[in-house]
Each structure stands twice: as C-alpha cells, then as structure tokens.
Amino acid sequence: MKAIRFHQYGDAEVLRYEDAPLPVPGTGQVRIRVAGTTFNGVDGNIRAGLMQGPMPLTLPHTPGLDVSGTVDALGDEVSTLRIGDEVIGFLPFVVDGAAAEYVVADAETLTSAPTSIPLADSAALPVVGLTAWQALFEHAELKPGQRILVNGASGAVGGYAVQLAKAAGAHVIATGGVGARGHLVARGADEVVDHTTTDLSTAAIEPVDVLLNLAPITPEQFSALSTLVGDGGVIVNTTVWMPAPSDEERGVRGIDLYVRSDADQLSELVARIDRGELVVDVAERVALPDLASVHARAAAGKLSGKIVVLPGA
Ligand SMILES: NC(=O)c1ccc[n+]([C@@H]2O[C@H](COP(=O)([O-])OP(=O)(O)OC[C@H]3O[C@@H](n4cnc5c(N)ncnc54)[C@H](OP(=O)(O)O)[C@@H]3O)[C@@H](O)[C@H]2O)c1
C-alpha cells in the first residue's frame, strides 16, 4: 500500500510518500481502508523529534492521529464491528497512523462515523472535537449561564469549543483575527473580539468563569489574560509548552489539557453532528502525497483551520 512515512526525525522533507507493508489486524483490532486523516499541530513536533520522551516511536513511522474510513478486515475476537462499517477514531501516538491507504486500530477505540457528512470529512472531528469536549466538560465543568472566553476560537478546536459551549447554555466570548467575526457568530459566539486590533487584557470584557486558551500566545500575554477570569474560575490550556497560570489567592485554577481518545465522547459528538447540532468545518482537503507540503506550511505558520488529507485522491 502507499503511505507517508519518515525514517528519521527532521523537517517536513523527511516525509516520504512510498510503499509500505499492508498492516494486519491483531487480536481485538480491525483494518480500516482510510477515507481521511488530518494534520494536527502535534504532528509537526512528533516528526521533528521533539516528542521522543513522551511518545517514543519505532522508525519508519506513519503519522496521522485522526482516521475515518471503512473496516476491511477483522482480527480475532472482534464482535462489535463488521467489514464495511464506516468508523472514525483517534489513534494512539506511538503506533503507525492513518496517513496511508490502510491502518489498523483497536476496535474498542472506534466509533461509527457520522452519516450526514462525507466520510472523509469526518476525520476532522476526533482529536480536536475531543479536545474541545474534554476542555469544557471534564476540566472546566462548564455550566449553563457561565461566561467563557475562548482565545483562538477561529481555529480547529475553537470551532467545536464555541459550538459546544453555546449548546451548554454558556455566554461565549470568542477571539478571532481579521474576517473571523461572521464565522464565529454563525457558530454561536455571543461576543467576538479581534485579537489583532484589541489588547484582550485591557478590553472591556466582563469577568469570565472559564478561559480556554487555544492560541500560541506568550506566557506574559497568558498571565495578563488570566486577570479576566473571576474569583473561583478555571483556566484550561491546550498550548502546553507553557503552563496555565493559577492564582491561589483568588481560587483560580490553571489546568493543562492532554487530550485522550474516548469512544463514548466521540459517539456523543457524532450524534450531535447527525442531529444537525454540531458543524464540522474543513478548511482544505489535500491528497496524501501532498502531506509534506502541509507540514511545511504549518512550520511556516501558514496553516489555518482543519486540513483533511485524502489517501484516495
Ligand atoms: N494539549 C493537547 O492535548 C492539544 C490537543 C489539541 C490541540 N492542541 C493545541 O492547541 C492549539 C489549538 O489547536 P487547533 O487545532 O485549534 O489549532 P489552530 O487551528 O491553529 O487554531 C489556533 C488559532 O489561534 C489563533 N491565534 C493565533 N495567534 C493568536 C493570538 N495571538 N491571539 C488569539 N488567537 C490567536 C489562530 O487564528 P487567528 O490568528 O486567525 O485568530 C488560530 O486559528 C494548537 O497549539 C494545538 O497544537 C493541544
């Protein structure tokens, strides 16, 4: 089969589109004919070798944490899935990913794909949708009527965070760059602040109960932003190269989020998509052989929104 692999750590040029062995599903696993995978920011750090401590890999390695596709072979002791089922999932960091024509995955980690959107596009959900869900409901424990500031709302996680927070009955303040206002209002933002023209820490924003930071800001900017969180509030941070600030005196808790796979949560997100309550935004679709150029654009800071990668294109 064809796959993208890297045989050594380095910049985007280490990614090769080449032949790789067809994977065989082990006990409890299925093989998936991949319809779509995506680029996530962490993929660039893994490829560059920056994550070898927490995520030791065997090289060559195929990237691609998100998968959508069709089950095409079953390992032993798989009773929950059948050949032909359309599934999505968040694959483990340390095994070969879905930037390939086929990938194997533990059956129990997979969820039925949404039926109301194209199968390939549903790869845009798992990692970032679960990040938004876990940030809001596991870490921030967001309640109806609370106020939340989503910083970096126009990105891939932010799109889900805004929609889920609004659906939970929160008042949502979203930051976005030039041109993002219409999109963020359409996704449910009550207020939109342009971070390119406004200093958030001094903007006329009433205190919030929850600050969700998704943006590549500096520790100093993060600290200034944390003053917008009211006493007893929560700060959840996905940009974990810097810690979320806490303020014990005011009872403000800072939490660094590390997303994990959760098939039940993914199933709830799928149900919302199929009920028309959650929109999956895809910024761009690229063919698998072009994945290296996506990594290069990300490294240059030129990516915006979710990129779906298509082995079949
Ligand atoms: N820890 C974890 O488990 C985990 C899981 C998922 C994602 N992440 C990380 O979380 C971050 C968000 O993920 P993502 O997929 O949503 O990334 P993304 O699509 O790149 O979104 C980040 C957004 O931040 C905005 N932004 C850039 N500079 C900003 C600034 N100074 N102030 C406010 N907003 C700014 C950008 O849009 P505009 O400039 O157009 O506003 C961009 O849309 C990434 O760093 C990702 O690696 C971590």
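The rules behind the values
Residues numbered from 1 in each chain as written. Predicted model: local features only at pLDDT ≥ 70, side-chain atom pairs only at ≥ 80, totals over all residues. Heavy atoms only, no water. Pairing = 2+ DSSP bridges. Helix = DSSP H or I, 4+ residues; strand = E, 2+ residues; numbered from the N terminus. Axes fitted to C-alpha atoms, helices over the stretch in contact; angles between N-to-C directions. Contact = heavy atoms within 4.5 Å. Parallel < 35°, antiparallel > 145°, perpendicular 65-115°, else oblique. Nonpolar A, V, L, I, M, F, W, Y, C, P; charged D, E, K, R; others polar. Near = heavy atom within 4 Å. Polar contact = N/O pair within 3.5 Å; in protein donor to acceptor, adjacent residues only side chain to side chain. Areas by Shrake-Rupley, 256 points an atom, 1.4 Å probe, with all protein chains shown as cover. Domains from an automatic or database assignment. Buried area = accessible area lost by both parts, 1.4 Å probe. Salt bridge = Lys/Arg side-chain N within 4 Å of Asp/Glu carboxyl O. Left-handed = near helix turned anticlockwise from the far one by under 90°. 1 Å grid on protein atoms, 1.4 Å probe; cavity = no way out; pocket = protein on both sides within 12 Å on 5 of 7 lines; lining within 4 Å. Points joined across faces, edges and corners; volume = space filled by probe spheres on them. Phe/Tyr/Trp six-rings, centres within 6.5 Å; stacked < 30°, edge-to-face > 60°. Buried < 20%, exposed > 50% of the residue type's maximum accessible area, 1.4 Å probe, protein only. Lys NZ or Arg CZ within 6 Å of the ring centre and 35° of its normal.

*Asks:* Is there a simple way to explain the sheet that holds strand β8 (residues 147–151) in this structure?
*Replies:* Where strands meet in a sheet, backbone hydrogen bonds hold them as pairs that are either parallel or antiparallel. Strand order in this open sheet of 6 strands is β10-β9-β8-β11-β12-β13, and the pairing throughout is parallel. Two strands in the sheet have a free side with no partner beyond their single neighbour: β10 (191–194) and β13 (253–256). Direction aside, the axes of adjacent strands within the sheet are offset by 15° on average. Sheet topology note: the strand β9 (residues 171–176)/β10 ladder contains 4 bridges and is parallel. Across the sheet, Gly176 pairs through a bridge with Asp194, a residue of β10. Each of β8, β11 (208–213), β12 (229–237) and β13 is contacted by helix α2 (residues 126–139), which is oriented at about 145° to β12, the strand it contacts most.

*Asks:* It is not clear to me how the packing of α2 against helix α6 (residues 263–274) should be interpreted in this structure. Could you clarify?
*Replies:* One can describe the packing of α2 onto α6 by two numbers: an axis separation of 10 Å at closest approach and a directional angle of 105°. One finds that α2 runs roughly perpendicular with respect to α6. Side by side, α2 and α6 meet where Pro126, Gly129, Leu130, Trp133, Gln134 and Glu138 of the first sit next to Gln265, Leu266, Glu268, Leu269 and Arg272 of the second. Per-class residue counts for the contact of α2 with α6 are 5 nonpolar, 3 polar and 3 charged.

*Asks:* Help me out: how do you make sense of the site of the ligand in this one?
*Replies:* Taken together, 23 residues are adjacent to the ligand, and Val157, His195, Thr238, Leu257 and Val259 come closest. Within the backbone of Ala156, a nitrogen or oxygen atom sits 2.9 Å from an oxygen atom of the ligand. Isolated, the ligand exposes 910 Å² of accessible area, and the fraction of that covered by the protein chains is 73%. Residue assignment for the shell around the ligand shows that the elements contributing at least two residues are α2, α3 (156–167) and β9. Partitioned by chemical class, the residues of the shell around the ligand number 12 nonpolar, 11 polar and no charged.

*Asks:* Looking at this model, I keep getting lost on the domain arrangement of the protein chain. Mind explaining?
*Replies:* The extent of an interface is frequently quoted as the accessible surface area lost upon association of the parts. When cut into domains, the protein chain gives domain 1 (2–124 + 281–310) and domain 2 (128–256). Here the C-alpha centroids of domain 1 and domain 2 sit 29 Å apart. With 5 residues of domain 1 at the interface, the matching set in domain 2 holds 6 residues. Between domain 1 and domain 2, roughly 480 Å² of surface is buried when both sides are summed, and carbon and sulfur atoms account for 46% of that area. Among the residues domain 1 hides against domain 2, the three largest losses belong to Ala124, Asp281 and Lys306. Together they make up 67% of the total. At the junction of domain 1 and domain 2, the tally comes to 1 salt bridge. Between Arg187 and Asp281 there is a salt bridge, with the nearest N and O atoms lying 2.7 Å from each other. The interface formed by domain 1 and domain 2 holds 2 residue pairs in polar contact (both at pLDDT 80 or more) in total.

*Asks:* Quick question: what am I supposed to make of the packing of α2 against α3 here?
*Replies:* Relative orientation and spacing of two packed helices are given, respectively, by the angle between their axes and the distance between those axes. One way to put it is that α2 packs onto α3 with a least axis distance of 8 Å and a crossing angle of 45°. Accordingly, the angle class assigned to the pair α2 and α3 is oblique. Where α2 crosses over α3, the two elements pack in a sense that is right-handed. Contacts between α2 and α3 involve Val128, Gly129, Thr131, Ala132, Trp133, Leu136 and Phe137 from the former and Ala156, Val157, Tyr160, Ala161, Leu164 and Ala165 from the latter. The residue makeup of the contact of α2 with α3, split by class, is 11 nonpolar, 2 polar and no charged.

*Asks:* Quick question: what am I supposed to make of the layout of surface pockets here?
*Replies:* Over the atoms rolls a probe the size of a water molecule, and its path tells where empty space is left. In this structure, the second largest pocket spans a volume of roughly 300 Å³. Along its surface, the second largest pocket is lined by 20 residues, and Pro23, Val95, Asp96, Val103 and Val104 are the ones closest to its centre. The biggest single contributor to the lining of the second largest pocket is strand β6 (residues 102–106), with 5 residues. Looking at the lining of the second largest pocket residue by residue, the classes come out as 13 nonpolar, 4 polar and 3 charged.

*Asks:* Help me understand the packing of aromatic side chains in this model?
*Replies:* Here the distance between the centres and the angle between the planes together describe a pair of aromatic rings. Taken as a whole, this structure holds 3 aromatic pairs when the rule is applied. Ring plane angle 85° and centroid distance 5.8 Å describe the contact between Phe90 and Phe93, whose orientation is recorded as edge-to-face. We classify Phe90 as buried; its relative accessible area is 4%. Here the aromatic rings of Trp133 and Phe137 are separated by 4.6 Å at their centres, their planes lie at 65°, and the arrangement is edge-to-face. Here Trp133 pairs with Phe137, and both are found in helix α2, just 4 residues apart, close to one helical turn. On the basis of relative accessible area, Phe137 is assigned to the partly exposed category, the value being 25%. Here the basic side chain of Arg31 rests over the ring of Tyr102, its NZ or CZ set 5.6 Å away from the ring centre.

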